[in-house]
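Report on the structure
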Amino acid sequence: KIELTRGFIMNDSAKLVTIGITCFNAEETIERALESAVNQDWTNCEIVLVDDCSTDESVQIANVFAYNHRHIRIIEREKNGGPAASRNTILQHAKGVFVAFFDDDDISFPCRVRSQIKRLMTFEEETNIRLVACYASGKRRYPNGYVKPMPALGSCGRVMNSIGVVSDYLLLYKKKRGFFYGAGVPACGLLARRSTFEEVGGFDESLRRVEDADFAIRLEMQGGAFTGTSQIAFEQYATNAPDKSPERNLDAEQKLVKKNKKYLQSHGDYYYALNWPKLRFFHFKKQYLPLLKSFFGIFIRYPLRSTFHLTRTGAARLIHERAMFKCN
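Here we summarise the structure given alongside this text.

1. A word on helix H2 (residues 58-66)
Those residues of H2 that sit buried are Ser-58, Val-59, Ala-62, Phe-65 and Ala-66. Axial view of H2: buried residues confined to an arc of 125°, hence all on one face. Those residues of H2 that are buried are in contact with strand S3 (17-23), helix H1 (30-38), strand S4 (45-51) and strand S5 (72-76).

Spelled out as C-alpha cells, the structure:
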C-alpha cells in the first residue's frame, strides 16, 4: 500500500515498525495483546516482547503464540527491572524506523500504528520539528464496566513545542490556555521514531512508575514536540497490582520532581511540586488529617494556585472515583 500524506509518501513495505510489548505476570491477557499486535493493518511490523521475570505462565503462553508468527521475538530479562527497564530492552533490540509501545493487558485496534505514523509524519512536515512523540487516543475500561475516554494529548489545539507546556502540566498540573492535554503521556499509547528515543536517552530505570512522564519532560527540554491522533485506537484495562500502589506512586512522583529540582526552583515551584502528590497519597489511603495538614502547608505558600487547583480537579476526581467503584 502507498498512501500520500501531504508531501510524504508512506510506503509500509519500506518503513519497519517495532511494536514493543512489556510483559509481567500477564498470563490472562498476553495472548490478547499479542493478537492485537499481529492484527495491525500496517503490514511491515516486527513484535518484540520483553518479559520482566514473570512468575506465572506468561512466557509459555507467548511462546506458543509466537510459534505461528515468526516476526515475534521474545526476550526474557534476567532481573526484574520494572517498565522502564523493559522498554529500554525493547529499544535495544528494535530494528524499526518507528517504535510503538503496547501494554500486556491492553487491546490496540488494527488502525493504531498506521494512524499514528500518518499523524506523526504530517506533523513533522507541518512544523519541521525533528523530535516528536505521537500518542493514540483510547479508552480505559474498569472492572464494573465504567469506561473513561482517553483522548490523546496534542490531538487538537495549539502545537505543543515550547518548554513548560507539557513539563509544567506533568510536574505542577498547570494547563496553559489553548493547549489540549487529554489523558497525558501514557507510554501504552506512545509511538515515535527510534532515533527520537535514542536521542532523548530512553527511559529512566530508577523510576518504577511515571517513567513515561519523565521521558516526555526530557523530550520537551531537548526541543521536542507532542501530537496525537483523534481516532480511538486502543482499549486499556484498569487493573490493581503491587507496582501500582499509592506508596510506589508517591515515591516515583517525588523522585521525578527531585530530578527536575533546578528547573522548578527557578520558577519558585519546587515545594508545590514536591508536596502536592502527598495529597493524592493521603486521599487514596483515607488519611484525612495528614491530608489537611499537607494542604495547609501548600496553601500558606500558594493560596490562589492551590485553591484553584483543588476546586478545578477535586470535584472531577470524586465523580470519577464514584463511577469507578459503582456496582453494576
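2. A look at the nonpolar core
Among the nonpolar cores identified, the biggest contains 51 residues, and Tyr-135, Phe-197 and Phe-226 are the most heavily contacted of them. Of the residues forming this core, the biggest block, 6 residues, is contributed by helix H10 (residues 270-284). If we ignore the near neighbours within four places in the chain, the residues touching Phe-226 are Phe-123, Ala-133, Tyr-135, Leu-153, Gly-154, Met-160, Val-166, Ala-216, Leu-219 and Glu-220. Membership of the second largest hydrophobic core comes to 30 residues, among which are Ala-62, Phe-98, Met-121 and Cys-134.

3. Here we look at the side chain of Ser-36
By the element assignment, Ser-36 lies in helix H1. Its relative accessible area of 6% is what places Ser-36 among the buried residues. Within the local environment of Ser-36, its side chain forms a polar contact with the backbone oxygen of Ala-33, the two atoms lying 2.8 Å apart. Polar side-chain contacts of Ser-36 include one of 3.3 Å to the backbone nitrogen of Ser-108. Those residues within four positions of Ser-36 in sequence are excluded, and the remaining contacts are Phe-102, Asp-106, Ile-107 and Ser-108.

4. Side note on the packing of aromatic side chains
Enumeration over the complete set of coordinates arrives at 12 aromatic pairs. Relative to Phe-282, the ring of Phe-281 lies with its centre 5.5 Å away and its plane at 65°, an arrangement referred to as edge-to-face. Judged on exposure class, the residue Phe-281 and its partner Phe-282 are both buried. Among the aromatic residues, those joined into a ring-pair cluster are Tyr-272, Trp-276, Phe-295, Phe-299 and Tyr-302. If you follow Arg-87 out to its NZ or CZ, it ends over the ring of Phe-101, 5.4 Å from the centre. In this structure, Arg-301 packs its charged tip against the face of Tyr-271, placed 3.9 Å from the ring centre.

5. With respect to the pairing of strand S8 (residues 132-141)
Counting buried positions along S8 gives 7 out of 10 residues, so the element sits mostly inside the fold. In terms of strand pairing, S8 meets strand S11 (residues 225-237) through 9 bridges, oriented parallel. Within the sheet, the bridge partner assigned to Ala-133 lies in S11 and is Phe-226. Note that S8 and strand S10 (residues 190-193) share 3 bridges and pair antiparallel. When the sheet's bridge partners are listed, Cys-134 is paired in S10 with Leu-191. In this sheet, strand S9 (residues 147-150) lies alongside S8 in antiparallel orientation, the contact comprising 4 bridges. Looking at the pairing, Arg-141 lines up with Val-147 of S9.

6. Concerning the state of the cysteines
Two cysteines form a disulfide when their sulfur atoms are joined by a covalent bond. All told, the structure shown has 0 disulfides when counted by the stated rule. Of the cysteine sulfurs around Cys-134, a residue in no disulfide, the closest is that of Cys-111, at 12 Å. Using a relative accessible area of 0% as the deciding quantity, one classes Cys-134 as buried. The thiol sulfur of Cys-188 is not disulfide-bonded, and the nearest other cysteine sulfur, from Cys-134, lies at 13 Å.

Criteria and cut-off values
- Residues numbered from 1 in each chain as written.
- Predicted model: local features only at pLDDT ≥ 70, side-chain atom pairs only at ≥ 80, totals over all residues.
- Heavy atoms only, no water.
- Buried < 20%, exposed > 50% of the residue type's maximum accessible area, 1.4 Å probe, protein only.
- Helix = DSSP H or I, 4+ residues; strand = E, 2+ residues; numbered from the N terminus.
- Arc of directions from axis to C-beta.
- Contact = heavy atoms within 4.5 Å.
- Core = buried A, V, L, I, M, F, W, Y, C linked by side-chain atoms within 4.5 Å.
- Polar contact = N/O pair within 3.5 Å; in protein donor to acceptor, adjacent residues only side chain to side chain.
- Phe/Tyr/Trp six-rings, centres within 6.5 Å; stacked < 30°, edge-to-face > 60°.
- Lys NZ or Arg CZ within 6 Å of the ring centre and 35° of its normal.
- Pairing = 2+ DSSP bridges.
- Disulfide = S-S within 2.5 Å.

Geometric values such as these leave the question of function open.
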